[in-house]
Amino acid sequence: MNVVVLTGAGISAESGVPTFRDSDGLWEGHDVMEVASPEGFRHNPSLVQRFYDLRRAHLAKVRPNAAHQALARLERSLGDDLLVITQNVDDLHERAGSRNVLHMHGELRSALCLACGERFPWERDLAHAPPCPGCTSASLRPDVVWFGEMPYRMDEALYALQQADLFVAVGTSAQVQPAAAFVHWAAEQGARTMEINLASTLSSDDFDESRQGPAGELVPRWVD
Ligand code: BV8
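Residues numbered from 1 in each chain as written. Predicted model: local features only at pLDDT ≥ 70, side-chain atom pairs only at ≥ 80, totals over all residues. Heavy atoms only, no water.

For the rest of this paragraph, the subject is the UniProt feature "active site" (unreviewed entry) in the protein. In the numbering adopted here, UniProt assigns the feature "active site" (unreviewed entry) to H105. With respect to the secondary-structure elements, H105 resides in the loop between β3 (101-103) and β4 (106-113). Take H105: its relative accessible area is 13%, and that puts it in the buried class. With sequence-adjacent residues up to four places away left out, H105 is seen in contact with T86, Q87, V89, V144, V145 and V176. (UniProt positions renumbered as here; feature names shortened; annotations may be inferred. Helix = DSSP H or I, 4+ residues; strand = E, 2+ residues; numbered from the N terminus. Buried < 20%, exposed > 50% of the residue type's maximum accessible area, 1.4 Å probe, protein only. Contact = heavy atoms within 4.5 Å.)

Next comes the structure, spelled out in structure tokens:
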């Protein structure tokens, strides 16, 4: 059975990673477009670099929770028939043991050099110079997908959704495209669809089943 699981900030909430919208629309005190758009980066690159440096540093203080671990167990039984597509830029799925993870919005632990287009695994602050010859720290940006930018590996995501027998969305407010459309793309080719979220969302009625409660409880109950 082919399964696609889409995860959002809600799956990492119980690990202590702040969600994107639960804090009344401000994201760690910032207006979204100020820190998650190319315009915001152009306007104030050091603010944006610091915003991502703080979030990357926070990763060292958090651990995968029971929901991440349950999806890693599910991969051990389904193998390549399971794909986790995450909107999250944290590494909690990988640290729980998942291998088939598609980061459609990029990753905190990766950096992109604007000067030469190279991307690098990145653990330090973005104020350090990248390893590419001739490039300076001024040309480094977080390797994440901002509003108005093309999400990563959409062709692979679309292919997986077309093959899916089951599509499960965990901990996403379904307010960001194209991720919010995945349930429709899966359903129209015949997949069964299920939503797991603390509360109902704008998309709850589009799912065959909507289970409400914390991901740390409901995902293991579903997987096991
Ligand atoms: C694109 C950066 C073209 C990385 C992010 C008008 C109409 C429609 C669309 C648009 C429009 N104007 C512009 C657009 C497009 C735009 C968009 O959708 N805007 C919205 C806001 C209107 N989208 C884009 O620009 C995207 N690119 O469209 O390119 C294209 C289209 C198709 C194909 C190819 C190209 C790029 C979007 C990426 C933006 N970057 N982040 C980073 O710094 O993190 S998005 C940002 O929101 C987050 O990173 C996250 O990835 C995303 C979604 O948030 P969620 O994960 O859902 O989190 P949220 O806080 O919202 O919700 C948490 C949920 O968890 C809640 O439901 C809560 O109830 C639940 N929860 C909480 N605790 C728990 C829980 N559930 C279970 N258990 C718990 N314990």
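Another aspect to go through is the sheet that holds strand β9 (residues 209-212). Spatial strand order, β3-β2-β1-β7-β8-β9: six strands in an open sheet with parallel pairing. Only two strands of the sheet have a single neighbouring strand rather than two, namely β3 and β9. Going from strand to strand, the sheet's axes swing by 15° on average, the running direction of each strand aside. By the bridge criterion, three bridges tie strand β2 (residues 82-86) to β3 in an arrangement that is parallel. Within β3, the position partnered with V84 by the bridge is V101. Strands in contact with helix α5 (residues 66-78) are β1 (3-7) and β2; relative to β2, the strand with the most contacts, it is inclined by about 150°. (Pairing = 2+ DSSP bridges. Axes fitted to C-alpha atoms, helices over the stretch in contact; angles between N-to-C directions.)

What follows deals with the UniProt feature "binding site: substrate" (unreviewed entry) in the protein. UniProt annotation of "binding site: substrate" (unreviewed entry) refers to Y52 and R55 when read in the numbering used here. Mapped onto the fold, Y52 is located in helix α4 (residues 45-59). A residue is classified by how much of its surface remains accessible, and Y52, at 2% relative accessible area, is buried. Ignoring any residue separated from it by four or fewer positions in sequence, one finds Y52 in contact with V35, A36, L108, L126, P142, V144 and W146. On the basis of relative accessible area, R55 is assigned to the buried category, the value being 16%.

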